[in-house]
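Structure at a glance
The residues making up each chain are set out below.
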Amino acid sequence: MHSHRDPTLHDLGRSVLRYADERLRLDPVPLDRPMTPEELQQRAGRTITPDGIGGDRAMDVFTEVLAPACLSIDHPRYLAFIPCAPTNEATMFDLVVAASSIYGGSWLEGSGAVHAENETLRWIADLAGLPEQAGGVFTPGGTIGNLSALVAARWSARREAARRGDGSRPYRVAASAGAHSSIASACEVMDAELVPVPLDESWRLTGENLRAVLAEHGPESFVAVVATAGTTNFGIVDDLDSIAEVCAEHGIWLHVDAAYGGAGLAAPSIRERYVGIERCDSFIVDPHKWLFAPFDCCALLYRDPTVARAAHTQRAGYLDVLTEAADWNPADYSVGLTRRARGLPLWFSLAVNGTDRYAAAVERTLEVAAVAEAEIARRPELELVHERDLTVVVFRRLGWTAADYHAWSDRLLAEELAFVVPTTHDGETLARFAVVNPETTPEDITMILDTMA
Ligand SMILES: *Cc1c(COP(=O)(O)O)cnc(C)c1O
């Protein structure tokens, strides 16, 4: 192994940093393409050997073979799934975090990092209008964020049931058909029953429909209600205010999954859509989606973090020095113990750029999504499927079969022109754009739509 003073290591450090620097300066970034296991095996050869292949060779393998076989998620015409378009400041600072050997799970070990993460969480809590005592943690993603929130909700609901002394054990979660697949996954993990709530005519979860479902099953059997602020497939924001009203009536925990759509809280032009979010008990937003942070980063916030702490704190003799202190330990607020200080790249970028630039960048993506919507309306061969709330646009190409959509998508990727994959709704295959990259231009959109003529 190399010591810190080894000159070879010094050279390697330079070449790693040079690579990172050059990647950050690439304009345009290549979209790249997936390769088969055989292709990669053949081109990369054997890289793990008893003697090691050395730094130069390993960097070459990455640069020449592995990296080109990974799509650039920050490409402006990467509009599939929910992309990620980190600011350069955030990405650069990720290198610093990696180089700093910070443990982000406890105050004792990482107080400086935890302080900055908490200031970042506070900014997000303020966007949502949560009270002063709100707090939380950056988790790896929305899936773990949602699971952690629901585990805290269950802890709270069972404590309430114990107080009532009626012997009940709440085990149900209510969510709409538009809720993300991670909610069903969390219910599987928790052995909770997911109860679907019908959508209204505009495909939103509403208090009225929720009230009927709670009455049917008995409100005391519910651990939580999950509302979605920005469904992943269509970007639809549920009617949060009426949902919050019904949750308050019954004393049920309201979790808002804003993994994708939460960034819209920063955009004045659409802030009104989120009215009611300030009444939630917990919510998540993934800065690695529409808030310009690199993977992996989900902000999880609780109205009352003491509940989450009671639900999540791991206890062990070797951890007593941490758990017996009154400190704010991030590991106490989610599933998972060891954690990277993954909120720091976002913190740094916010500190450098200021929050106004974040608002402007989110607004820019909304403008480009509006252009996409207008272009679709203008073109006779295309048809919008549902009115747009945020920056997801779903549309059909009249006359196309599922095979046509897939062939079109494959061709765009093979030509490294764009990454746009079809989605489905009610069994129908459709085209879908998710715009979260402020570098995506109206010309990018029209260029892609032209390929569907
Ligand atoms: C993406 C998404 C998730 C899951 O988040 P990951 O970070 O991918 O785990 C959950 N809910 C919604 C609404 C999402 O869009």
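Predicted model, so just to flag it, every value in this text is computed and none were measured.

Time to look at empty space enclosed by the protein. Scanning the entire structure with this criterion turns up 1 cavity of 30 Å³ or more. Taken as a whole, the largest cavity holds about 80 Å³ of empty space. Lining the largest cavity are Tyr 103, Gly 105, Ser 106, Thr 313, Gln 314, Leu 319, Leu 322, Thr 323, Asn 329, Ala 331, Asp 332 and Leu 337. Here the residues of the lining of the largest cavity sort into 5 nonpolar, 6 polar and 1 charged.

To continue, consider the side chain of Asp 32. On the secondary structure map, Asp 32 appears in the loop between helix H1 (7–25) and helix H2 (37–44). It turns out Asp 32 is buried and unbridged, and the closest side chain with the opposite charge, Arg 23, is 6.7 Å from it. Those residues within four positions of Asp 32 in sequence are excluded, and the remaining contacts are Ala 67, Pro 68, Cys 70, Leu 71, Ser 72, Leu 413 and Glu 416.

Aromatic rings in a pair are described by how distant their centres are and how their planes are angled relative to each other. Counting across every chain of the model gives 14 aromatic pairs. With a centroid separation of 4.2 Å and an interplanar angle of 15°, the aromatic rings of Trp 328 and Tyr 333 are classed as stacked. Residue class for Tyr 333 comes out buried when judged on its relative accessible area of 3%. Site record: aromatic cluster; members linked through ring pairs are Tyr 78, Phe 81 and Phe 419.

Here the focus is the sheet that holds strand S5 (residues 253–257). Spatially, 7 strands are ordered S1-S7-S6-S5-S4-S2-S3 in an open sheet, and the strand pairing comes out mixed. Of all the strands in the sheet, just strand S1 (135–139) and strand S3 (193–197) have a single pairing partner and so form its edges. Ignoring strand direction, the axes of neighbouring strands in this sheet form an average angle of 20°. In this sheet, strand S7 (residues 298–302) lies alongside strand S6 (residues 282–285) in antiparallel orientation, the contact comprising 4 bridges. Its bridge partner being in S7, Val 285 is matched across the sheet by Ala 299. The strands that helix H7 (residues 181–190) touches are strand S2 (172–176), S3, strand S4 (222–228) and S5; relative to S3, the one it contacts most, it runs at about 150°.

Our focus in this paragraph is the site of the ligand. Within the structure, the ligand sits among 14 residues, and Gly 142, Thr 143, Asp 257, Asp 286 and Lys 289 are positioned closest to it. Separating an oxygen atom of the ligand from a backbone N or O atom of Gly 142 is a distance of 2.7 Å. Out of a free accessible area of 380 Å², the ligand has 85% covered by protein chains. Within the residue set of the shell around the ligand, elements represented by two or more residues are helix H6 (142–164) and helix H10 (287–290). For the shell around the ligand, a count of residues per class yields 2 nonpolar, 9 polar and 3 charged.

To continue, consider the layout of surface pockets. Space inside the largest pocket adds up to approximately 1500 Å³. What lines the largest pocket is a set of 44 residues, among which Arg 23, Leu 24, Val 29, Asp 74 and Thr 91 lie closest to the centre. Among the elements of the structure, H1, helix H3 (55–66), helix H4 (88–99) and helix H14 (355–378) are those that each provide at least two residues to the lining of the largest pocket. Top contributing element to the lining of the largest pocket by residue count: H4, with 7 residues. Each pocket or cavity is described by its volume, and for the second largest pocket that value is around 300 Å³. Along the walls of the second largest pocket sit 18 residues, with Ser 156, Glu 160, Gly 251, Ile 252 and Trp 253 positioned nearest its centre.

What counts, and where the lines are drawn
Residues numbered from 1 in each chain as written. Predicted model: local features only at pLDDT ≥ 70, side-chain atom pairs only at ≥ 80, totals over all residues. Heavy atoms only, no water. 1 Å grid on protein atoms, 1.4 Å probe; cavity = no way out; pocket = protein on both sides within 12 Å on 5 of 7 lines; lining within 4 Å. Points joined across faces, edges and corners; volume = space filled by probe spheres on them. Nonpolar A, V, L, I, M, F, W, Y, C, P; charged D, E, K, R; others polar. Helix = DSSP H or I, 4+ residues; strand = E, 2+ residues; numbered from the N terminus. Buried < 20%, exposed > 50% of the residue type's maximum accessible area, 1.4 Å probe, protein only. Lys, Arg positive; Asp, Glu negative; His and termini not counted. Salt bridge = Lys/Arg side-chain N within 4 Å of Asp/Glu carboxyl O. Contact = heavy atoms within 4.5 Å. Phe/Tyr/Trp six-rings, centres within 6.5 Å; stacked < 30°, edge-to-face > 60°. Pairing = 2+ DSSP bridges. Axes fitted to C-alpha atoms, helices over the stretch in contact; angles between N-to-C directions. Near = heavy atom within 4 Å. Polar contact = N/O pair within 3.5 Å; in protein donor to acceptor, adjacent residues only side chain to side chain. Areas by Shrake-Rupley, 256 points an atom, 1.4 Å probe, with all protein chains shown as cover.

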